[in-house]
Amino acid sequence: MGRSPIFLSAFQRDRRTVRQFQDMVVGYAFSVIGDFHLAEDAAQEAFLGAYRDLSMLREPRTFPGWLRRIAHTRCTRITRGKRLKTVPFEALVELPDRD
């Protein structure tokens, strides 16, 4: 499986690719998930997935859209397992008696 030499060298040498697209991926993930920390997790997983599947990228110029699609898939996986937000017991307001 041959990897695109342009992106492979960028990933290995000084992570320019990650730096170049990091804000885009985290921002997109945040817009989907709505939680900054989970968005960072999704972005990290997207970059790892992109590196792993780099040989599937046919046209290097389509990398941004391809990476965004990978990020979308990671966001979907994260939000599937997301639970409803809970409220701490201390934050509950005491309800008046019905007497």
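Residues numbered from 1 in each chain as written. Predicted model: local features only at pLDDT ≥ 70, side-chain atom pairs only at ≥ 80, totals over all residues. Heavy atoms only, no water.

**Let's talk about the overall build of the protein chain**
Part 1 of the reasoning: Of the regular secondary structure elements, the protein chain holds four helices and zero strands.
Part 2 of the reasoning: Listing each helix as α and each strand as β along the protein chain from the N terminus yields α-α-α-α.
Part 3 of the reasoning: For the protein chain, the proportion of its 99 residues judged to be buried stands at 28%.
Part 4 of the reasoning: Once local pairs closer than 6 in sequence are excluded, the contacts in the protein chain between residues at least 24 apart make up 63%.
Part 5 of the reasoning: Of the roughly 7,800 Å² that the protein chain leaves accessible, carbon and sulfur atoms contribute 53%. (Helix = DSSP H or I, 4+ residues; strand = E, 2+ residues; numbered from the N terminus. Buried < 20%, exposed > 50% of the residue type's maximum accessible area, 1.4 Å probe, protein only. Contact = heavy atoms within 4.5 Å. Areas by Shrake-Rupley, 256 points an atom, 1.4 Å probe, with all protein chains shown as cover.)

**A look at the packing of helix 2 (residues 16–33) against helix 3 (residues 36–52)**
If you want to describe how two helices pack, look at the angle between their axes and the distance between the axes.
Part 1 of the reasoning: In the contact formed by helix 2 and helix 3, the axes pass within 8 Å of each other and the chain directions differ by 130°. In terms of orientation, helix 2 lies oblique with respect to helix 3. Crossing angle aside, the handedness with which helix 2 passes helix 3 is right-handed. Listed contacts from helix 3 to T17, V18, F21, Q22, V25, V26, A29, F30 and I33 of helix 2 are F36, L38, A39, E40, A42, A43, A46 and F47.
Part 2 of the reasoning: Within the contact of helix 2 with helix 3, the residues separate by chemical class into 14 nonpolar, two polar and one charged. (Axes fitted to C-alpha atoms, helices over the stretch in contact; angles between N-to-C directions. Parallel < 35°, antiparallel > 145°, perpendicular 65-115°, else oblique. Left-handed = near helix turned anticlockwise from the far one by under 90°. Nonpolar A, V, L, I, M, F, W, Y, C, P; charged D, E, K, R; others polar.)

**Digging into the packing of helix 2 against helix 4 (residues 63–80)**
Part 1 of the reasoning: One way to put it is that helix 2 packs onto helix 4 with a least axis distance of 10 Å and a crossing angle of 40°. Between helix 2 and helix 4, the angle falls in the class oblique. The handedness of the crossing between helix 2 and helix 4 comes out as right-handed. Contacts between helix 2 and helix 4 involve T17, F21, M24, V25, Y28, A29, V32 and I33 from the former and F63, P64, L67, R68, A71, H72, C75, I78 and T79 from the latter.
Part 2 of the reasoning: In terms of residue class, the contact of helix 2 with helix 4 is built from 13 nonpolar, three polar and one charged.

**Overview of the packing of aromatic side chains**
Part 1 of the reasoning: Enumeration over the complete set of coordinates arrives at two aromatic pairs.
Part 2 of the reasoning: Ring geometry for F63 versus W66: centroids 5.9 Å apart, planes at 45°, classification tilted. Of this pair, F63 and W66 both sit in helix 4, separated by three residues, roughly a single helical turn. Summarising the burial analysis for this pair, F63 and W66 share the class buried.
Part 3 of the reasoning: These aromatic residues form a ring-pair network of at least three members: F21, F63 and W66. (Phe/Tyr/Trp six-rings, centres within 6.5 Å; stacked < 30°, edge-to-face > 60°.)

**Some points on the confidence of the model for the protein chain**
Part 1 of the reasoning: Counting all residues, the mean pLDDT for the protein chain is 80, and 68% of those residues have values of 70 or more.
Part 2 of the reasoning: When pLDDT is averaged over each helix and strand of the protein chain, the minimum, 54, is found for helix 1 (residues 5–13) and the maximum, 92, for helix 4. (pLDDT = per-residue confidence, 0-100.)

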